[in-house]
Amino acid sequence: MADKGFNQSTFTFGTARTPLRSIDYGSDGAKVPISGSADAQRFYADGIPDNTVTVTLVGNVTLDAGETNATCSIAFYDGTAITFGQALIVDVEMSGSEDSEILSTVQFVPGAT
């Protein structure tokens, strides 16, 4: 049986955004080169992670790239919660095809407070 842990999950950017089709959260580690010119290989230190949230919503959204006025949070139905803090919208796309729903995909990154 498939895990339906996503069903009834919520995404909030100022207010709850529905109907929700999918949520993608990523935290890419950043590497900072610290090698010297005499080193035989490259060495790295931890950098600042690059976090992103991408949500797909059914229908048209009233969100625009450049908005940074609200806290972004995810509450998965299985109890997992992610709070992104002040978020900046960096990409908004809409798509659709014949006999299917219109989908809006919005990408968020941490924004300056």
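Cut-off values and rules
- Residues numbered from 1 in each chain as written.
- Predicted model: local features only at pLDDT ≥ 70, side-chain atom pairs only at ≥ 80, totals over all residues.
- Heavy atoms only, no water.
- Helix = DSSP H or I, 4+ residues; strand = E, 2+ residues; numbered from the N terminus.
- Rg over C-alpha atoms; globule rule 2.2 N^0.38 Å.
- Buried < 20%, exposed > 50% of the residue type's maximum accessible area, 1.4 Å probe, protein only.
- Contact = heavy atoms within 4.5 Å.
- Areas by Shrake-Rupley, 256 points an atom, 1.4 Å probe, with all protein chains shown as cover.
- Lys, Arg positive; Asp, Glu negative; His and termini not counted.
- Charge placed at Lys NZ, Arg CZ, Asp CG, Glu CD.
- Core = buried A, V, L, I, M, F, W, Y, C linked by side-chain atoms within 4.5 Å.
- Pairing = 2+ DSSP bridges.
- Phe/Tyr/Trp six-rings, centres within 6.5 Å; stacked < 30°, edge-to-face > 60°.
- Lys NZ or Arg CZ within 6 Å of the ring centre and 35° of its normal.

Visitor: When you look at the overall build of the protein in this model, what are you seeing that I'm missing?
Guide: From N to C terminus, the protein includes zero helices and nine strands. Tracing the protein from N to C terminus, the helices and strands come up as β-β-β-β-β-β-β-β-β. The C-alpha atoms of the protein give a radius of gyration of 18 Å, which is well past the 13 Å a tight globule of 113 residues would have. Along the first, second and third principal axes, the C-alpha set of the protein runs to 60 × 40 × 30 Å. In the protein, which comprises 113 residues, the share counted as buried stands at 25%. Taking the contacts inside the protein whose residues are at least 6 apart along the sequence as the reference set, 57% of them involve residues at least 24 apart. With the model as given, the accessible surface of the protein reaches about 7,500 Å², and the carbon-plus-sulfur share is 50%. Of the side chains in the protein, 5 bear a positive and 14 a negative charge, and the two mean positions are spaced by 4 Å.

Visitor: Before we go on, may I ask you to explain the nonpolar core in this structure?
Guide: F11, F13, V53, V55, C72, V106 and F108 are the most contacted members of the largest nonpolar core, which totals 18 residues. Contributions of two or more residues to this core are made by β1 (10-13), β3 (20-28), β6 (50-58), β7 (70-75), β8 (81-95) and β9 (103-110). Here this core gets four residues from one element, more than from any other, and that element is β8. The residues touching F108, leaving out its near neighbours within four places in the chain, are F11, F13, N51, T52, V53, V55, C72, F84, A87, L88 and I89.

Visitor: Looking at this model, I keep getting lost on the sheet that holds strand β2 (residues 15-16). Mind explaining?
Guide: What links the strands of a sheet is backbone hydrogen bonding, and the strands pair in either a parallel or an antiparallel sense. If you trace the seven strands from one edge of the open sheet to the other, you get β2-β1-β7-β8-β9-β6-β3, paired in antiparallel fashion. Each edge of the open sheet carries a strand with a single partner, namely β2 and β3. As paired elements, β7 and β8 share six bridges and run antiparallel to each other. Directly across from T71, in β8, lies its bridge partner Q86.

Visitor: Would you take a moment to explain the packing of aromatic side chains for this structure?
Guide: Aromatic rings in a pair are described by how distant their centres are and how their planes are angled relative to each other. The tally for this structure, following the rule as stated, stands at three aromatic pairs. Taking the centre distance of 6.4 Å and the plane angle of 85° together, the rings of Y25 and F84 count as edge-to-face. Note that Y25 is positioned in strand β3 and F84 in strand β8, a separation of 59 residues in sequence. Through pairs of rings, three or more aromatic residues link up here, namely F11, F13 and F108. Stacked on the ring of Y44, the Lys or Arg K31 has its end atom at 4.8 Å from the ring centre.

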